[in-house]
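So you can see what is in the structure, the chains are spelled out below.
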Amino acid sequence: MTPIGTAVVCGAGAMGSQIAMLAALAGCDTTMVDVDQERLDSAMDQLEKRCARGVARGTLDADDVEAAFARLATSLDLDDAASGADIVIEAIVEDLGAKRDLFQRLGRVAPADAILATNSSSIVSSKLADITNPGRVCNMHFFNPALVMKLVEVVGGEHTSPDTVEAAVELAERMGKTPVVVRREIFGFIANRIVAAIFDEAIELLEAGVATVEDIDLAVTNGLGHPVGPFALLDLTGIDVNVGIKKLEAQETGDPSRGPATTLLDLERAGRLGRKTGRGFYEYGAS
Ligand SMILES: NC(=O)c1ccc[n+]([C@@H]2O[C@H](COP(=O)([O-])OP(=O)(O)OC[C@H]3O[C@@H](n4cnc5c(N)ncnc54)[C@H](O)[C@@H]3O)[C@@H](O)[C@H]2O)c1
């Protein structure tokens, strides 16, 4: 198997920009593609600042960063960028229709053996793989912030070839990540399923009046060694985001009982969305 040398990352948002930087740092000639020039400019600006901080802190090497920026280009022209790619990693909006359109297009313009990976947190790649040579399609799920978080879940569906999984794992390792292979498609993959189960149990304990928000978080941080408790984490990621995930979980699993808990819906209705609104399970003062 030839190692991946040329990468295209679609989407210059929170995830795509950092995944593109990781690919460039891993030695790939990388093009970050977006539909919006301002997003591309802002992504490059953010990356420069973030990498400069990394160099100052000693977590990144100045020469490596300089070499990586020399390998990193931006483009609005997907067809041109993808035509020479060994891998395309998609990190555009979490919308099935938009992702399907993109994969159909990639199926036409990318080389027939290029790997097509989606960074989606909830859309499994079988929903995108009805193109020629579906064996090259997989999920490659990075965590936010991608430059920092070590885990990458490589998810192979029934359509995914073992070579594709192997190449995605190899690239993730070259990026300095810890890849894990998810052997079949399942909603939430591994890490998000486990954190969702913790959220569910924490909310159940709260709703049953077993303990307060503060004490449940203290039990998890002090008893289990987690860096942050479930309610603080729900506030950090956003109550609305978590309501959306639970609604999707109920829809994808066909089990309405897996929908959002009353407590989450009440907080959302009250506009208490967590840190971003200054109030959620906790009060944060003016945001
Ligand atoms: N944000 C997270 O914490 C996180 C974590 C893991 C995975 N993900 C997944 O990563 C993906 C991206 O999330 P994000 O938070 O970076 O989103 P974002 O909204 O920050 O960025 C999305 C970018 O995609 C661009 N875009 C939209 N349509 C496009 C197209 N057709 N071609 C090229 N670019 C296009 C937008 O202009 C935008 O810059 C989603 O699938 C999400 O599920 C997100």
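Residues numbered from 1 in each chain as written. Predicted model: local features only at pLDDT ≥ 70, side-chain atom pairs only at ≥ 80, totals over all residues. Heavy atoms only, no water.

Caption draft 1: Here's a closer look at the overall build of the protein. Secondary structure assignment for the protein yields 11 helices and 8 strands. In terms of C-alpha radius of gyration, the protein reaches 20 Å, essentially the compact-globule figure of 19 Å for 287 residues. With the principal axes as the frame, the protein shows a C-alpha extent of 60 × 45 × 35 Å. Counted over contacts in the protein with a minimum sequence separation of 6, partners at least 24 positions apart contribute 63%. (Helix = DSSP H or I, 4+ residues; strand = E, 2+ residues; numbered from the N terminus. Rg over C-alpha atoms; globule rule 2.2 N^0.38 Å. Contact = heavy atoms within 4.5 Å.)

Caption draft 2: Structural context of helix α2 (residues 37-57). Under the 1.5 Å per step criterion, the end-to-end length of α2 is 30 Å for 21 residues, consistent within 8% with the ideal 30 Å. Every buried residue of α2 is listed here: L40, A43, M44, L47, C51 and G54. The arc that holds the buried residues of α2, viewed along the axis, is 100°, so those residues lie on one side. Looking at α2, the residues exposed on the side facing more than 90 degrees away from the buried face are E38, A56 and R57. In this structure, the buried residues of α2 make contact with α1 (14-25), β2 (29-33), α3 (62-71) and β3 (72-75). Of the residues flanking the end of α2, it is G58, one or two places downstream, whose phi is positive at about 85°. (Expected span 1.5 Å × (residues − 1). Buried < 20%, exposed > 50% of the residue type's maximum accessible area, 1.4 Å probe, protein only. Arc of directions from axis to C-beta.)

Caption draft 3: Representation of the site of the ligand in the model. Near the ligand, the surroundings consist of 20 residues, among which M15, D34, E94, K99 and N119 are the closest. R39 is positioned such that a nitrogen or oxygen atom in its side chain is 3.3 Å from an oxygen atom of the ligand. In this structure, an oxygen atom belonging to the ligand sits 2.9 Å away from a side-chain N or O atom of N119. Contact with the protein chains removes 76% of the 840 Å² of surface that the ligand exposes when unbound. Mapped onto the shell around the ligand, the elements with two or more residues apiece are α1 and β6 (137-142). (Near = heavy atom within 4 Å. Polar contact = N/O pair within 3.5 Å; in protein donor to acceptor, adjacent residues only side chain to side chain. Areas by Shrake-Rupley, 256 points an atom, 1.4 Å probe, with all protein chains shown as cover.)

Caption draft 4: Here's a closer look at the domain arrangement of the protein. Assigned domains within the protein: domain 1 (6-182) and domain 2 (191-276). For domain 1 and domain 2, the distance between their C-alpha centres works out to 29 Å. Taken together, the contact pairs 7 residues of domain 1 with 4 residues of domain 2. Summing both partners gives a buried area of about 350 Å² for domain 1 against domain 2, and 44% of it is carried by carbon and sulfur. At the junction of domain 1 with domain 2, the criterion picks out 1 salt bridge. At the surface where domain 1 touches domain 2, the tally comes to 2 residue pairs in polar contact (both at pLDDT 80 or more). Tallied by class, residues from the side of domain 1 that touches domain 2 come to 2 nonpolar, 3 polar and 2 charged. (Domains from an automatic or database assignment. Buried area = accessible area lost by both parts, 1.4 Å probe. Salt bridge = Lys/Arg side-chain N within 4 Å of Asp/Glu carboxyl O. Nonpolar A, V, L, I, M, F, W, Y, C, P; charged D, E, K, R; others polar.)

Caption draft 5: Geometry of the state of the cysteines. Taken as a whole and assessed by the stated rule, the structure comprises 0 disulfides. Residue C28 stays outside any disulfide, its sulfur separated by 14 Å from that of C138, the closest cysteine. Free of any disulfide, C51 has its nearest neighbouring cysteine sulfur in C28, separated by 15 Å. (Disulfide = S-S within 2.5 Å.)

Caption draft 6: Representation of the packing of α1 against α3. Between α1 and α3, whose axes approach to 8 Å, the crossing angle comes to 110°. Taken together, the axis directions place α1 and α3 in an arrangement best described as roughly perpendicular. In this structure, α1 contributes M21, A24 and L25 to the contact, and α3 contributes D64, V65, A68, F69 and R71. Grouping the amino acids of the contact of α1 with α3 by side-chain chemistry returns 6 nonpolar, no polar and 2 charged. (Axes fitted to C-alpha atoms, helices over the stretch in contact; angles between N-to-C directions. Parallel < 35°, antiparallel > 145°, perpendicular 65-115°, else oblique.)

Caption draft 7: Geometry of the environment of A43. Within the secondary structure, A43 is located in helix α2. Sequence spacing of A43 and G11 is 32 residues, and the spatial spacing of their C-alpha atoms is 9.8 Å. Sequence-distant contacts of A43, defined by excluding residues within four places in its chain, comprise A12, S17 and M32.

Caption draft 8: Broad picture of the sheet that holds strand β5 (residues 115-118). Overall, mixed pairing links the 8 strands, which are arranged β3-β2-β1-β4-β5-β6-β7-β8 in an open sheet. Each of the sheet's edge strands pairs with one partner strand only, and the pair in question is β3 and β8 (178-182). The sheet shows a mean angle of 25° between the axes of neighbouring strands, direction not considered. Relative to β6, β5 is paired through 3 bridges, and the arrangement is parallel. Residue pairing for β6: A117 is matched across the bridge by C138. In the packing of α1 onto the sheet, the strands contacted are β1 (6-10), β2, β3, β4 (87-90) and β6, and the crossing angle to β2 comes to about 170°. (Pairing = 2+ DSSP bridges.)

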